[in-house]
Amino acid sequence: MKKTDVFDYLQWRGDLTFEQSAFNEIDALILSVFAYLDFSSARNGRTLSFQAAVDSINEMSDEMKFDGPFAMMRSVVDLAARAALSPRFKDMDVSHFSSITEEEREIQFGAVTFRLSDGTAFLSFRGTDNTLVGWKEDLNMCFTEEIPSQIEAAKYAAEVAEDIGMPMRLGGHSKGGNLAIWAGTHLAPEYQKDILCIYNNDGPGFSEKFLKSSIYLGVRERIFSFVPEASIVGVLMEHGEYQTICSFNASVLQHNPFSWVVKRTHFVYVGDRSVSARKFEKSVNSWIRSMTAEEREELVETIYDILVSSNAKTIDDLDKAKVKSFLSMHRTFREMGIKKQAQLMMSLSKLFFNSDVLIGSGDDSHGH
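The following paragraphs examine the structure supplied in this document.

Some details on the sheet that holds strand β6 (residues 195–201)
- One open sheet accounts for eight strands, arranged β1-β2-β3-β4-β5-β6-β7-β8; its pairing is mixed. With one partner strand each, in any of the chains shown, β1 (48–49) and β8 (243–245) form the two edges of the open sheet.
- Of the strands in this sheet, β3 (107–115), β4 (121–125), β5 (168–173), β6 and β7 (223–228) touch helix α2 (residues 25–33), which is tilted by about 50 degrees from β4.
- Sheet contacts for helix α8 (residues 175–185): β3, β4, β5, β6 and β7; angle to β5, the most-contacted strand, approximately 150 degrees.

Here it is in structure tokens:
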């Protein structure tokens, strides 16, 4: 039997409005990935129909249209084009588009709001794109209690909630899922009561302190988190409850939401994550715990300095100039000095030779 994905879902359910068939987790995934699109036509107070917004995107150059996580952007653009023709999504309104990328602030943030035909809104937060500063900001989560994107997400949700005054859902893929939770937990009580659900699609976790906080516990029952069985991103740091879902892909490629298996109005769930994925989670998270916040910060800064020494701004740039990038980064590593080189190698060795991992690897088959 053919495994079905979000495209199959849209073909099957796309002819029914939300009044005819209630909003579900696959709709949330679709709207979450649309945050990767450039809806600049819906910026600065402008509200457009979804069809008009998608038309504007299709008129852009390929470089702008497909700017985002390179493994999935063509699928995102294709899905949006099909959704704009479907009775389910074509009558949506698009507004409150925001996009910020600043190397100085080390922020990569994006969000957009969709108003649905059922009288609700969906605040969609963008995940990490292919900019190096975007990846740097993700790594900053390892040692910072609050990153700039989280601050911006909370501000964005407060402004939109005050503006629209209607029941809302929040969601995102990858870092966007993390931002959706952060934004929802930091809303003022008068707006937080309007939250129906928060959808986290394979987004990284938080500190243990945050998960025990009253603001998180206050909305925990409305949070729905999904991670593929070989998830890497969605199990980083500490996390609450999540559903494990099936993917067509293997290993790290499962992070691509277009590989997630869909059955009618929900994902296909599995009992637990793969043994190798659980080992990876244990390795990375015990590695994070084995280092002080200062050590983690120094490691992240060192790796980032090495990468940007190639003058690359994006992952694509590194890939296009492989030899040149490697030579620049190698020169930077040599110039770091023996002390910094030793610290970098020591930190990385903790990841691969952490005693917690080696001691605990034998009983890994018993779950989290």
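Next, the rest of the story.
Thoughts on unusual backbone geometry
- Notably, N44 is not glycine yet its phi reads approximately 55 degrees, a positive angle.
- Tracing the chain through its elements places N44 in the loop between α2 and β1.
- The backbone of E106 shows a phi angle near 55 degrees, a positive value even though the residue is not glycine.
- With respect to the element layout, E106 can be found in the loop between β2 (93–102) and β3.

Some words on helix α5 (residues 73–83)
- All of the buried residues in α5 are M73, V76, V77, L79, A80 and A83. Viewed along the axis of α5, the buried residues span an arc of 160 degrees, placing them on a single side of the element.
- Buried-residue contacts for α5 involve α1 (6–13), α2, α3 (50–58) and α4 (62–65).

Criteria and thresholds
- Residues numbered from 1 in each chain as written.
- Predicted model: local features only at pLDDT ≥ 70, side-chain atom pairs only at ≥ 80, totals over all residues.
- Heavy atoms only, no water.
- Pairing = 2+ DSSP bridges.
- Helix = DSSP H or I, 4+ residues; strand = E, 2+ residues; numbered from the N terminus.
- Contact = heavy atoms within 4.5 Å.
- Axes fitted to C-alpha atoms, helices over the stretch in contact; angles between N-to-C directions.
- Buried < 20%, exposed > 50% of the residue type's maximum accessible area, 1.4 Å probe, protein only.
- Arc of directions from axis to C-beta.

Keep in mind these values describe shape, not function.
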